[in-house]
Amino acid sequence: MSTQPPTYTFKDFVSDQEVRWCPGCGDYVILRAMQKALPMMGKRREDFVFISGIGCSSRFPYYMETYGFHTIHGRAPAIATGVKLSNPALSVWVMTGDGDGLAIGGNHMIHVIRRNVDLNVVLFNNKIYGLTKGQFSPTSDLGQKTKSSPYGNTQPPFNFGELTIGSAGQFYARTPDNNPNDMADIFAAAEKHKGTSVVEILQNCVIFNDGAYDSYTDKTVRDDMLLYLKHGEKMIFGKEKNKGIRFNGRMLEAVTIGENGITEDDILVHDAHDYNPSMHFMLTQMDNPLPVGIIRSVETPTYEERMATQAESIKNRSKYKSIDDLLFSGETYSV
Amino acid sequence: MSDTATTQDKNKIRLDRVVIRFAGDSGDGMQLTGSQFSDTSAMLGNDIATFPNYPAEIRAPEGSIYGVSGFQVHIGEVEISTPGDDVDVLVAMNPAALKTNISAVQHGKTIIVDADEFTTKNLGKAGYSDNPLEDGTLSAYNLIPAPITQLSRGAIKEMGLDNTSMNRTRNMFALGMVFWMFSRPLDYTIKFLEKKFGHKPQIFEANVKVLKSGYHYAETMELLSSAYTILPAKMTGGTYRILMGNTAIAWGFLAAAERSGKHLFLGSYPITPASDILHELSEHQHFGVTTFQAEDEIAGICSAIGASFAGNLALTTTSGPGLALKSEAIGLAVMTELPLVIVNVQRGGPSTGLPTKTEQADLLQAMYGRNGESPVIVVAASSPSNCFDMAYEASRLALEHMTPVILLTDGYIANGSAPWRIRSVNDLEPIKPAVAPLPGEEWLPYLRNPETLARRWATPGMPGFEHRIGGLEKEDGTGHISYDPENHEHMVKLRAEKVRRVENYIPELQLDGAESGDLLVVGWGGTYGSLHTAVKALQEEGHAVSLAHFHYINPMPRNTREVFSRFKQIVVCELNLGQFATLLRSSFPEFPYLQYNKVQGLPFTVFELNAHFRNLLNAK
Ligand code: SF4
C-alpha cells in the first residue's frame, strides 16, 4: 500500500478480547507499551503480524487488533520466518518467553538471529514457567527454589544478551517492565532496525517469581543499579549522576567520578553501532549496574534481502523464462 | 534376455525387452553409466524404467561389499512399468559388485566383468577365497571377462593423464561394450560428455576414446556372437522426457503454484531420500519460489505454516523420521485450517531404519500420527511420472479445501525414472484457492464455504480482516478461543466432515482390467508398476483378475465399496505388514481381505506377485 497510513491511537490496536493475565502481571505494561508504540511506526494496521508460541507471554496476539497467530510451543521464530519471507512488507513480531524462546524453542531462536531475518523478537523474561505453574526455566537463577527445584535450581542460566550476540545478533535491547515509555521507544527502534531485533524484557511474574528483579528495579535502588544506555552518550548512572563505566584494560568496571582521580573523560561513550561486538558482549555480562536500553544496533543485510538479490540475479542468468521452458528443456524426444 | 527374441534383422537379434544392471564401486560412476544407457534408449523410442541402488555410506572403503553402487535399466519395445526383476546383463566392475549382484542374475544370462580387478587383494575385500572367474562357479552364465582397466588405460596412454584420471574412464569402456551389444549409437553420450567436460578438453577426449574402444572391442570380440536390438515402443504420441520421481514432484508444485496464482514456499530440512526435491526447487527461485533450508524438520514445516498463513502455496518435504518430528505442527495446520502440503518420501523404518531403501510403512503415521482427532487428506503417487500429477493434486486439494495434505511417495519411485509425456502448464486444470474475502464483505475467520466447508483465507496485509488464529480450540465462525464442550465436539466433527467431503472432488477408482472377476488386486502408491505388470500378464493368460490401485487414501474414492463388491477375492498388496489392509478393514468391514506383504526395503518383484496371484486363482 503506497498511500499514507491513517493516524492511529493506541485504541486502534486494542482487540475485543478480555485480557486474562493475573492482576499485577508485568505483561500488562508490555501490552500497553506496544499499543502505544505501533501508532508511532508509520505503518498500516493490516501490516502488523504478532506471532507467539505457548506460555503466558504467548497470549499477547489475542489482545492486539492486528493479524495474529498463537502457534505451538517454541516455534514462533520459525513460523514468523515463513510469514516474513512470504511478505517482506509486513512488520512481524515474535512474542515469546524464557521457556518458550530459550528452552523448547532455543534452536529456532539462535538460527533466526544468525540469519538476520527482519523480525522483532520480544522475550518476556520472568525467569520462571508461569502457565505450567512454577517450574524453573533456562533463565532461572542457580539455587532458585521452584516447584521442580524444591532444594534449589542446579542448572546455570542463559544470559539472553550473551546468547544473542553469540548468535551473531545485530540488535539487542533490554528493558525493565516498569517503564512503558522507554519500552515503547525501544519497540519503535526495534521495528525501525532492519534485521532480527531482540528485545528482552525483565518481566515480573507476581504469582510464581514475584520480585525477581527488585534488586534492580525497586525505587530505592534503581538509580544505582540500572545503567540506561543511549547511543553516543556517556555511560553515566547513579542518583547523583556521578557514577560511570570505564574499561580498565581487562574488563568494564563501575567507578565514581571524582574518586581516585577518575574524571568524566575516563567514562566510556556508548557506541551501539560498533560492528565489533566485544564491548556489547561485555555490557550484556555486567550485573552491577545492569545495563538497559539498546546495547547493540548494527545494520547488516537481512536474510530476505540476500534472498531477493540472489533470486534477481538468477532471473537474469536463467535460460528458463517460464515453467514451460523448464518442462520442455534439455533432452526431449517425440513419439 | 527375454525369450521372445524373434526376428533376425541384419545379424541383430530383436528383443522385446531387456534388463541391464551396472554395478561397481561408489566411485566408479555407475549411476552416470546407467543413465546414459537409459537416456540413449529413450531417445530411440524405447519405454524405460530405471532404478539406482546406492549405499547409505557416501564414501565406503573402495572395493568393499558395502561400497557397491548399482543402476538398473529396463528398456523395451513393450510397455515397461518396473525396472525389472531379473537381470539379463550384469556389468560388474569389481569382485564386490559381482558378489552383491549375482543373485539377481538367472543362469544362462550374461555377466560382463572387469577381469583386471579380480586381484587377490580385491577378491579378499569381497570375501572370495578363490577367483570365481577361474574356479568354474560361473560356468552356468555367459561370462565375459574383459580386461577393462588395461584396455581403457591403453586407449589413452599417450595422453599423459595421471593415474586417477585414466582409471576414471573405465566406466565408459563398459558402456561402450553394452552400447554395441544393444545397437545403441554413441552420439548422445558424446554430446553429454562434451557438456560435462567441455572445460577440460583432455578429459573429454579421453572419455570419448575409451567409450569408442569399448564399442569396438565388443564388436571385434568373438565372445559376443551377435548384437541385439530393441525397437521403439508404442507410446501415446507427444513430446517426452525422462523424469525422476523427485524432480517430477518439484515440477508438479511449480505448475500448481503457477495455476493457482500463488507464490510457492518450501520449508525443508535435508533428509534422504527427499532432499532432491529441495535441491530442484532451490534452482528455480526466480519462478516465484522461495526455498528455505531450516535448522530442523520442525522449523521446516513451521516456516511453511507461516508462509501459508501469509497466503502462499506452502510445502514441506521429508521422509519418515522427519514426518514424526512434524506431527505437532501438522496438528496446528489442522486446527487453524490452513492449506499445507507435506511430502513424505518413505524409506525403511522405524527410527533411522534403512535410509536408502524403499518401504510403505508410514501410511498409518500419515493417517493417525498426531494428538487428538486430527484428520488430514492423504494421497499417494504411483510412479515417477505420476509424482508430477499427485504433487499438483495435493496442492489443489490443500488450497481448495483449506487443510493439510500428506503426499506419500517412496524411495523407489522418488529415485526411479521413466518417460514422462510433457504437458504445458496451460493444459492443466486451474486451481481455485479458497477465495479471500472482498474488502468490506461480511467475514469471520471461520466462516465456511457451505459445500466444501473450507474457511475463507484472509492474509496479513489485507485491510479490514485483521484476525487471530491459533492452536487452541476455536469457536466455529468467530474463531475465538472456546473451551465449550459442545463446541469442541462440533468442531472435531466438522474438521472430519470437511476432509470426508473431499471424496466429492476426487476421481472415482479406475480398474486395470474387467469390472468384476475372481480376484481383485488392491495396491496403493509406488507399487503400481510391479502390480500392473503382474496383473496384466495373468489377464493375457485369460485370468479374471483386475487391479484397483489407490492414489487417494483419505478420503477414498466414492465407488470403492461398490468396486470391491464385484470380486470374489480381494488381496491387498503393500510393502509393510498390512497398514492399508487395516484401513480397509475398518472402512469396509463387510469384505474379507487377503494380504500380500513384503518388508525387505525392496520393491515387489513381478515374479513373486505373479506366483502369488496364480496360487490364489488356482486355489479357489
Ligand atoms: S503466571 Fe505470572 S507471568 Fe503468567 S500471567 Fe500470571 S503473573 Fe503473569
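Residues numbered from 1 in each chain as written. Chains lettered and ligands numbered in written order. Predicted model: local features only at pLDDT ≥ 70, side-chain atom pairs only at ≥ 80, totals over all residues.

**Overview of the interface of chain A and chain B**
One frequent convention defines the size of an interface as the accessible area lost when the parts assemble. What counts, and what does not: Residue pairs qualify as contacts under a 7 Å threshold applied to their C-beta atoms, which are placed from the backbone. A run of H or I in DSSP counts as a helix once it spans at least four residues, and a run of E counts as a strand once it spans at least two, with each numbered from the N terminus. Two strands are counted as paired when DSSP detects at least two bridges linking them.
Contacts between the two partners involve 46 residues from chain A and, on the opposite side, 55 residues from chain B. Counting only elements with at least two residues in the side of chain A that touches chain B, the list comes to β2 (67-70), α2 (76-86), α4 (106-115), α10 (303-317), α11 (323-327) and β12 (333-334) of chain A. The pairing of β2 of chain A with strand β18 (residues 468-470) of chain B spans 3 bridges and is classified as parallel. Each residue of the ladder has a partner; that of Gly-68 of chain A, found in β18 of chain B, is Arg-468 of chain B.

**Notes on the site of the ligand**
The following threshold applies: Being near a molecule or strand means, for a residue, that its C-beta atom, positioned from the backbone, comes within 6 Å of it. Note on residue categories: nonpolar means Ala, Val, Leu, Ile, Met, Phe, Trp, Tyr, Cys or Pro, charged means Asp, Glu, Lys or Arg, and polar means any other residue, Gly included.
In the vicinity of the ligand, the residues found are Trp-21, Cys-22, Cys-25, Asp-27, Cys-56, Asn-126, Gly-130, Cys-205, Val-206, Ile-207 and Phe-208 of chain A. Partitioned by chemical class, the residues of the shell around the ligand number 8 nonpolar, 2 polar and 1 charged.

**As for the domain arrangement of chain B**
Residue and element names in this part refer to chain B. Inclusion rule: Residue ranges labeled as domains rest on an automatic or database domain assignment.
The assigned domain composition of chain B is domain 1 (8-230), domain 2 (241-425) and domain 3 (511-619). One C-alpha centre belongs to domain 1, the other to domain 3; they are set 36 Å apart. The class makeup of the residues in the side of domain 1 that touches domain 3 is 1 nonpolar, 2 polar and 1 charged.

**Thoughts on the environment of Tyr-552 of chain B**
Residues and elements named next belong to chain B. Looking at where Tyr-552 falls in the secondary structure, it is placed in strand β22 (residues 552-554). For the pair Tyr-552 and Leu-315, spaced 237 residues apart in the sequence, the C-alpha separation amounts to 19 Å. If we skip the residues at most four places from it in the chain, Tyr-552 touches Val-379, Ile-506 and Pro-557.

**Remarks on the nonpolar core**
To be explicit about the condition: What makes a nonpolar core is a set of buried Ala, Val, Leu, Ile, Met, Phe, Trp, Tyr and Cys residues, with links drawn between C-beta atoms within 7 Å. As a rule, residues whose C-beta atom has 12 or fewer other C-beta atoms within 10 Å are exposed, those with 20 or more are buried, and those in between are partly exposed; C-beta atoms are placed from the backbone.
Grouped together as the largest cluster of nonpolar side chains are 247 residues, with contacts concentrated most on Ile-51 of chain A together with Val-178, Ile-305, Leu-407 and Val-521 of chain B. Each residue touching Val-521 of chain B, except ones within four places of it in the same chain, is listed here: Leu-531, Val-535, Val-545, Leu-547, Val-571, Cys-573 and Phe-613 of chain B. The next biggest cluster of nonpolar side chains, apart from the first, holds 8 residues, and it includes Trp-21, Ile-128, Tyr-129 and Phe-208 of chain A.

**Considering helix α4 (residues 148-155) of chain B**
How we decide: Each direction from the helix axis to a C-beta atom contributes to the arc, which is the arc of those directions.
All of the buried residues in α4 of chain B are Ile-148, Ser-152 and Ala-155 of chain B. Buried residues of α4 of chain B fall within an arc of 65 degrees about the axis and therefore sit on the same side.

**Section: the pairing of strand β3 (residues 91-97) of chain A**
Residues and elements named next belong to chain A. By the criterion of burial, β3 is predominantly enclosed, with 7 of the 7 residues buried. Here β3 shows a buried face lined by Ser-91, Trp-93, Met-95 and Gly-97 and a second buried face lined by Val-92, Val-94 and Thr-96. Where strand β1 (residues 48-52) and β3 come together, 5 bridges link them in parallel fashion. Bridging from a neighbouring strand, Phe-48 pairs with Ser-91 of β3. The sheet contact formed by β3 and strand β4 (residues 120-125) spans 5 bridges and is parallel.

**Thoughts on the domain arrangement of chain A**
Residues and elements named next belong to chain A. Under the domain assignment used here, chain A contains domain 1 (10-229 + 271-306) and domain 2 (234-269). Domain 1 and domain 2 are separated by 29 Å when their C-alpha centres are compared. Secondary structure elements with two or more residues in the side of domain 1 that touches domain 2: α8 (222-225), β7 (226-229) and α9 (278-285). The leading source of residues in the side of domain 1 that touches domain 2 is β7, at 4 residues.

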